[in-house]
Amino acid sequence: MAAPLTQEVLQSVVDHAMRDVMPRVGGITLLRGGSPPMGELYTVHTAFDGETPVNLSLCANAAAFTHLTQHMMGQEQIAPADLEDAAKEFFNVLCGHVAVELFHVTKVSYRFRIPRFSGGRQLPREQEWQFALNYSGDKDERIQIVQHTGASSDARNKTEI
């Protein structure tokens, strides 16, 4: 029998996945809390399809995505296209962990869509925030994961906030 997906369960699953995946895949040790990212920002977003739809966005400063990309590529010099590719690949791995853990907890299968990357701090319009988790790294990395609900996650419905 399926267990209900509560905000507390989802928040715990996302937090656990983030603190497990980021150090291993992105090379960034995270502390929970701190201020949201500011300055030059990027956002990667996806929607999960399942019994209860879930939308997740990860917004981070340039330092976070730069360090993540350098670690994933194993080199210091990176191109702007590398930043986008690494961010989407990292988010794929993170969301895969979230989907697996959600299945273990709820016994409901969740699939996520191909992540979309954009410059700035962006969330789909007309969506309510359910929770936001802030993280900081030891090299000025600032990351925020937002779970939100609402209509379409289509890129043309996005707005900068």
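Bear in mind that the values here come from a model prediction, so they are computed numbers and not experimental data.

Student: Break down the pattern of salt bridges for me, citing the residues and quoting the values.
Tutor: All chains considered together, the criterion is met by five salt bridges. For Asp-15, the salt bridge identified is with Arg-32, shortest N-O distance 3.7 Å. Pair noted here: Asp-15 is in helix 1 (residues 7-26) and Arg-32 is in strand 1 (residues 30-32), with a separation of 17 residues, a long-range link. You can call Asp-15 buried: its relative accessible area is 7%. Among the residues examined, Arg-32 registers a relative accessible area of 45% and is labelled partly exposed. Linked by salt bridges that have partners in common, Asp-15, Arg-19 and Arg-32 make up one network.

Student: Give a description of the packing of aromatic side chains that names residues and reports values.
Tutor: The final tally for this structure, using the stated rule, is four aromatic pairs. Ring centres of Tyr-42 and Phe-117 lie 5.5 Å apart, and the angle between their planes is 15°; on these two criteria the pair is classed as stacked. Note that Tyr-42 is positioned in strand 2 (residues 41-49) and Phe-117 in strand 5 (residues 116-119), a separation of 75 residues in sequence. Exposure class is identical for Tyr-42 and Phe-117. Each is buried. Between Phe-65 and Phe-117, the aromatic rings sit 6.1 Å apart at their centres with planes inclined by 75°, giving edge-to-face as the arrangement.

Student: Hey, could you go over empty space enclosed by the protein for me, with residue numbers and the actual values?
Tutor: On inspection of all chains with the given rule, the structure shows two cavities of 30 Å³ or more. Reported here for the largest cavity is a volume of approximately 40 Å³. Taken together, ten residues line the largest cavity, and the ones lying closest to its centre are Cys-59, Arg-121, Leu-123, Gln-144 and Val-146. Contributing elements (two or more residues each) for the lining of the largest cavity: strand 3 (54-61), strand 6 (122-124) and strand 8 (142-150). For the lining of the largest cavity, the residue count by class is five nonpolar, four polar and one charged. Of the pockets and cavities examined, the second largest cavity occupies roughly 40 Å³. Lining of the second largest cavity is provided by Met-22, Leu-58, Ala-60, Ala-64, Phe-65, Leu-68 and Phe-90.

Definitions and cut-offs
- Residues numbered from 1 in each chain as written.
- Predicted model: local features only at pLDDT ≥ 70, side-chain atom pairs only at ≥ 80, totals over all residues.
- Heavy atoms only, no water.
- Salt bridge = Lys/Arg side-chain N within 4 Å of Asp/Glu carboxyl O.
- Helix = DSSP H or I, 4+ residues; strand = E, 2+ residues; numbered from the N terminus.
- Buried < 20%, exposed > 50% of the residue type's maximum accessible area, 1.4 Å probe, protein only.
- Phe/Tyr/Trp six-rings, centres within 6.5 Å; stacked < 30°, edge-to-face > 60°.
- 1 Å grid on protein atoms, 1.4 Å probe; cavity = no way out; pocket = protein on both sides within 12 Å on 5 of 7 lines; lining within 4 Å.
- Points joined across faces, edges and corners; volume = space filled by probe spheres on them.
- Nonpolar A, V, L, I, M, F, W, Y, C, P; charged D, E, K, R; others polar.

Such coordinate-based values are descriptive only and should not be taken to indicate function.
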